[in-house]
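The chain contents come next:
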Amino acid sequence: MPFPMHRPRRLRRNELIRSMVRETALSPADFIYPLFVCPGKGVKKEIRSMPGVFQMSVDEIVRECREVARLGIPAIILFGIPEAKDEIGSHASMEQGVVQQAIRAIKRAKINLIVITDVCLCEYTSHGHCGVIENGDVANDPTVKLLADEALSHVQAGADIVAPSDMMDGRVRAIREILDENDFSNVPILSYAAKYCSGFYGPFREAAESAPKFGDRRSYQMDPANRIEAMKEVLNDIEEGADIVMVKPALPYLDIIREVRNAVNVPVAAYNVSGEYSMVKAAVSKRWLDERRVVLELLTSIKRAGADLILTYFAKDAAKWLKEK
Ligand code: PBG
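Quick notes on the rules
- Residues numbered from 1 in each chain as written.
- Predicted model: local features only at pLDDT ≥ 70, side-chain atom pairs only at ≥ 80, totals over all residues.
- Heavy atoms only, no water.
- Patch = residues over 30% accessible without salt bridge, like charges linked within 9 Å, V, L, I, M, F, W, Y side chains within 5 Å.
- Areas by Shrake-Rupley, 256 points an atom, 1.4 Å probe, with all protein chains shown as cover.
- Salt bridge = Lys/Arg side-chain N within 4 Å of Asp/Glu carboxyl O.
- Lys, Arg positive; Asp, Glu negative; His and termini not counted.
- Charge placed at Lys NZ, Arg CZ, Asp CG, Glu CD.
- Helix = DSSP H or I, 4+ residues; strand = E, 2+ residues; numbered from the N terminus.
- Core = buried A, V, L, I, M, F, W, Y, C linked by side-chain atoms within 4.5 Å.
- Buried < 20%, exposed > 50% of the residue type's maximum accessible area, 1.4 Å probe, protein only.
- Contact = heavy atoms within 4.5 Å.
- Near = heavy atom within 4 Å.
- Polar contact = N/O pair within 3.5 Å; in protein donor to acceptor, adjacent residues only side chain to side chain.
- Nonpolar A, V, L, I, M, F, W, Y, C, P; charged D, E, K, R; others polar.
- Phe/Tyr/Trp six-rings, centres within 6.5 Å; stacked < 30°, edge-to-face > 60°.
- Lys NZ or Arg CZ within 6 Å of the ring centre and 35° of its normal.
- Axes fitted to C-alpha atoms, helices over the stretch in contact; angles between N-to-C directions.
- Parallel < 35°, antiparallel > 145°, perpendicular 65-115°, else oblique.
- Left-handed = near helix turned anticlockwise from the far one by under 90°.
- Expected span 1.5 Å × (residues − 1).

Colleague: Quick question: what am I supposed to make of a positive patch on the surface here?
Modeller: There is a patch of like positive charges on the surface, built from Arg7, Arg9, Arg10 and Arg12. Counting through the fold element by element, Arg7 comes out in the segment before helix H1 (15–21).

Colleague: Mind showing me how you'd approach the nonpolar core here?
Modeller: Within soluble globular proteins, side chains that are nonpolar generally end up buried alongside one another. In terms of nonpolar packing, the biggest core is built from 114 residues, with Phe31, Phe36, Ile76, Leu78, Ile106, Val260 and Leu299 touching the most fellow members. Non-local contacts of Leu299, meaning those with residues more than four positions away in its chain, are made with Leu26, Phe31, Asn272, Ile310, Thr312, Phe314 and Ala318.

Colleague: Help me out: how do you make sense of the site of the ligand in this one?
Modeller: Within the structure, the ligand sits among 19 residues, and Lys195, Arg205, Lys248, Ser274 and Tyr313 are positioned closest to it. In the model, a nitrogen atom of the ligand is placed 3.3 Å from a nitrogen or oxygen of the Lys248 side chain. Between an oxygen atom of the ligand and a side-chain N or O atom of Tyr313, the distance comes to 2.6 Å. Coverage of the ligand by the protein chains reaches 100% of its 400 Å² of free accessible surface. Taken together, the elements giving at least two residues each to the shell around the ligand come down to strand S9 (190–195) and helix H6 (202–207). Counted by class, the shell around the ligand contains 11 nonpolar, three polar and five charged residues.

Colleague: Would you take a moment to explain the packing of aromatic side chains for this structure?
Modeller: Pairs of aromatic rings are described using the distance from one ring centre to the other and the angle between the two planes. One pass over the full model with this rule turns up nine aromatic pairs. Each ring, one from Phe36 and one from Phe79, has its centre 5.4 Å from the other, and the planes form 25°; the classification is stacked. Here Phe36, found in strand S1 (residues 31–37), pairs with Phe79, found in strand S4 (residues 75–80); they are 43 residues apart in sequence, far enough to count as distant. Note on accessibility: Phe36 and Phe79 belong to one class, buried. Centre to centre, the rings of Tyr192 and Tyr271 are 6.2 Å apart; their planes meet at 45°, and the pair counts as tilted. Of this pair, Tyr192 sits in strand S9 while Tyr271 sits in strand S11 (residues 268–272), placing them 79 residues apart in sequence. Residue classification places Tyr192 among the buried positions, given a relative accessible area of 0%. An aromatic cluster is defined as three or more aromatic residues linked by ring pairs; in this entry it consists of Phe36, Phe79, Tyr192, Phe204, Tyr271, Tyr277, Tyr313 and Phe314. A cation over a ring is seen here: Lys248 above Phe204, with NZ or CZ 5.9 Å from the ring centre. Directly above the aromatic system of Tyr271 lies the positively charged group of Lys248, at a separation of 4.8 Å from the ring centroid.

Colleague: Is there a simple way to explain unusual backbone geometry in this structure?
Modeller: Most peptide bonds take the trans form, and the phi angle of most residues other than glycine is negative. Residue Pro249 follows Lys248 across a cis peptide bond; omega there is -10°. With respect to the helices, strands and loops of the structure, Pro249 is situated in the loop between strand S10 (244–248) and helix H8 (254–263). Phi is positive for Met167, which is not a glycine, with a value near 70°. Although it is not a glycine, Arg287 adopts a positive phi angle of roughly 60°. With respect to the secondary-structure elements, Arg287 resides in the loop between helix H9 (274–285) and helix H10 (291–305).

Colleague: Just to check I follow, could you spell out the packing of helix H3 (residues 98–108) against helix H4 (residues 140–157) for this structure?
Modeller: Relative orientation of the contacting elements H3 and H4 amounts to 25°, with a least axis distance of 8 Å. Considering their axes alone, H3 and H4 lie roughly parallel with respect to each other. Crossing of H3 over H4 shows right-handed handedness. Taken together, the residues of H4 that come into contact with H3 (itself represented by Val99, Gln100, Ile103 and Arg104) are Ser153, His154 and Ala157.

Colleague: Is there a simple way to think about H10 in this case?
Modeller: Residue pairs three or four apart in sequence face the same way in an α-helix, which turns once every 3.6 residues. For H10, built from 15 residues, the straight-helix expectation of 21 Å at 1.5 Å per residue is met to within 8% by its first-to-last C-alpha distance of 21 Å. For H10, the full list of buried residues reads Glu291, Val294, Val295, Leu296, Leu299, Ser301, Ile302 and Ala305. Where H10 is buried, its residues contact S1, H8, S11, H9, strand S12 (309–312) and helix H11 (315–324). Between the side-chain oxygen at the start of H10 and the backbone nitrogen of Arg292 there is a gap of 3.3 Å, and the oxygen is on Asp290. Note on H10: the residue one or two positions beyond its end, Gly306, has a positive phi of about 130°.

Structure follows, in structure tokens:
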């Protein structure tokens, strides 16, 4: 054999041949776009640490949803910033809560979008933790009951999928049970199954006004050092009835996404979180990175790692760029 035996560059000579052997194709159909609903009318307030991301009142959310659907993005996930907070996050499951109102408005407008809701208490509690506090820590079982009520109220308002993000033990089963008992056995659960206790949620906590007032979330979210435990969480959630499982954050946990994708037979989602977004935006604003290029590269990497669905604040821009291509 003449030297060199292998010339992989043969398949990289021009765009047409590269496109023939490309292994991963990103599409707007892969994206889920996060939205923050707040009280009021005509409110569209930019989040300081997340340029291009806004807290929006229900009317603005509906307008935004039309654009999201037009871009070919199939789903949004709603987070609520309630009128008022208390110890047990009672606004989370109110019929007139912001999220419930937003769901009804989107459905009334007949927008062709899957409406996913984030099910958690941290945006609704005065202390900012993801559940009720007993003896200085989040009490698991009483919290699970409240989360089930919250999920049911979202579905009663018209939510298509519920996504618990609290990391309490047993919440997927409790949500599945309450939905089934109320004739919503056809509504899927997307569980934040392997959710790490991450510094990359910083900007989100400004967006959702949900930073814990004392301590941190280490007693319920996962230790970033753990891989085997992620598999336990994921398999456990599937056993409890999760239809889709999520790994979160995405970029520092691509190894976990791959491992989960190899191990399960349900769709895998990954959350490209607020800090991952802000980091890129900050570097781009200093002209240190080319935004379009790095964003498409990052999202492609998350998909290549094994994510079938990507929750990302870049969804709208990426969908536009993919259409231009
Ligand atoms: C609520 C929740 C968080 C995120 C999604 N749902 C924050 C947290 O756990 O503190 C983070 C999303 C992001 O950073 O973009 N529990």
